[in-house]
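A structural walkthrough
Read off the chains here:
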Amino acid sequence: MLLPQRLLEVVAGVKGFLPENEAIALMAAAASAETGVWLEIGTYCGKSTVYLGYVASQHDSHLITIDHHQGSEENQPGWEWHDTELVNCETGRLDTLPALRRTLWLSGLETVVTPVVADTRSVATWFQTPLTFLFLDGNHTEDVAPHLVIGGTLAVHDIFEDPAKGGQPPWHVVQRALASGEFVQTAQCDSLRVLKRVARS
Ligand SMILES: C[S@@+](CC[C@H](N)C(=O)[O-])C[C@H]1O[C@@H](n2cnc3c(N)ncnc32)[C@H](O)[C@@H]1O
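The sections below set out a description of the structure shown in this document. (Residues numbered from 1 in each chain as written. Predicted model: local features only at pLDDT ≥ 70, side-chain atom pairs only at ≥ 80, totals over all residues. Heavy atoms only, no water.)

1. Some thoughts on the overall build of the chain
A count of helical and extended segments in the chain gives six helices and seven strands. Mapped from its N terminus to its C terminus, the chain presents α and β elements in the order α-α-β-α-β-α-β-α-β-β-α-β-β. The C-alpha radius of gyration of the chain comes to 16 Å, within 12% of the 17 Å expected for a compact globule of 201 residues. In terms of overall dimensions, the chain has C-alpha extents of about 50 × 35 × 35 Å along its principal axes. In the chain, which comprises 201 residues, the proportion classed as buried is 46%. Within the chain, contacts between residues at least 6 apart in sequence are counted, and of these 63% link residues at least 24 apart. Total accessible area on the chain stands at roughly 9800 Å², and carbon and sulfur atoms take up 53% of it. Here the chain contributes 13 positive and 24 negative side-chain charges, whose respective centroids are spaced 3 Å apart. (Helix = DSSP H or I, 4+ residues; strand = E, 2+ residues; numbered from the N terminus. Rg over C-alpha atoms; globule rule 2.2 N^0.38 Å. Buried < 20%, exposed > 50% of the residue type's maximum accessible area, 1.4 Å probe, protein only. Contact = heavy atoms within 4.5 Å. Areas by Shrake-Rupley, 256 points an atom, 1.4 Å probe, with all protein chains shown as cover. Lys, Arg positive; Asp, Glu negative; His and termini not counted. Charge placed at Lys NZ, Arg CZ, Asp CG, Glu CD.)

Printed below as a string of structure tokens:
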């Protein structure tokens, strides 16, 4: 599955961290997932959200995307991935929510995607919706992974087995999932891994 031309033009103008080959692999993973409620953790300005939101729109599914919109550690001042254009001039803090709203408006995906502006640890205390697809993008733990149904798809981005190449939390999520016996790996593309839930304890 590929994005239509008008959405390719939108994502080309959205700041983000998802290379096109991984985006295509992510779309393929979502396209093979069951219809239902899908969840993305780590929205940033909505680049991956457009890819997933488009697939959701074609599969009668709904995408929730969670981010506190204040950036990860590497997005803060002094770090490699800090972008001064994303700093709110009043608060002085990074704020990617306006960019996300623009992305959703430009892509026409506002009815398919529900943004949740919150820390995942706070969402995990009340979130109960069964998920058929979960995408973790950033240094997240699997706070809401327990809600993935059997047969559900777990996609995790930024997997670096070598600590010299990147943060370890996503790799640890994949290692724990595979070691639990509840997940099997179904696909891999560069730093993206796709797992399927086959059991739950
Ligand atoms: C790598 S970026 C996501 C990139 C995005 N998926 C894309 O395609 O460009 C990771 C995001 O996770 C968010 N984030 C990090 N820790 C978080 C937390 N504990 N709760 C919610 N969001 C968090 C950051 O604000 C950041 O926007």
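2. Topic: the sheet that holds strand β5 (residues 148-156)
Spatially, seven strands are ordered β3-β2-β1-β4-β5-β7-β6 in an open sheet, and the strand pairing comes out mixed. Edge strands, defined here as strands with exactly one partner in the open sheet, are β3 (113-117) and β6 (183-189). In this sheet, adjacent strand axes meet at a mean angle of 20° when their direction is disregarded. The pairing of strand β4 (residues 131-136) with β5 spans five bridges and is parallel. (Pairing = 2+ DSSP bridges. Axes fitted to C-alpha atoms, helices over the stretch in contact; angles between N-to-C directions.)

3. Some words on the pattern of salt bridges
All told, the structure shown has five salt bridges when counted by the stated rule. As a salt-bridge pair, Arg-197 and Glu-182 come within 2.5 Å of each other at their nearest N and O atoms. One end of the pair, Arg-197, is in strand β7 (residues 192-197); the other, Glu-182, is in the loop between α6 (169-179) and β6, with 15 residues separating them in the sequence. A relative accessible area of 6% means that Arg-197 is categorised as buried. It is possible to trace a salt-bridge network through shared partners that takes in Lys-15, Asp-83 and Glu-85. (Salt bridge = Lys/Arg side-chain N within 4 Å of Asp/Glu carboxyl O.)

4. Remarks on the pairing of β3
On any regular strand, side chains alternate: one points to one face of the sheet, the next to the other face. Relative to β3, strand β2 (residues 62-67) runs parallel, the two being bridged by five bridges. Note on β3: the bridge partner recorded for Leu-63 is Val-113.

5. Things to note about the site of the ligand
Residues in close proximity to the ligand total 18 residues, the closest being Gly-42, Ser-48, Asp-67, Gly-71 and Asp-137. One nitrogen or oxygen atom from the main chain of Phe-17 is found 3.2 Å from an oxygen atom belonging to the ligand. Here a nitrogen atom of the ligand and a backbone polar atom of Gly-42 are 2.7 Å apart. Taken by itself the ligand offers 600 Å² of open surface, and the protein chains cover 94% of this. Within the residue set of the shell around the ligand, elements represented by two or more residues are α3 (47-58) and α5 (120-123). The class makeup of the residues in the shell around the ligand is four nonpolar, nine polar and five charged. (Near = heavy atom within 4 Å. Polar contact = N/O pair within 3.5 Å; in protein donor to acceptor, adjacent residues only side chain to side chain. Nonpolar A, V, L, I, M, F, W, Y, C, P; charged D, E, K, R; others polar.)

6. Brief notes about the nonpolar core
Ranked by internal contacts, the top residues of the largest apolar core, which has 34 residues, are Leu-3, Leu-26, Trp-38, Tyr-51, Leu-52, Phe-133 and Phe-135. Mapped onto this core, the elements with two or more residues apiece are α1 (5-12), α2 (20-31), α3, α4 (97-107), β4 and β7. At six residues, the largest contribution of residues to this core is made by α3. Once residues lying within four places of it in the same chain are set aside, the contact partners of Leu-3 are Leu-8, Val-11, Met-27, Val-50, Tyr-51 and Tyr-54. Among the nonpolar cores identified, the runner-up in size contains 22 residues, and Ile-64, Ile-66, Val-173 and Val-174 belong to it. (Core = buried A, V, L, I, M, F, W, Y, C linked by side-chain atoms within 4.5 Å.)

Scope: geometric values only; no functional claims are made or implied.
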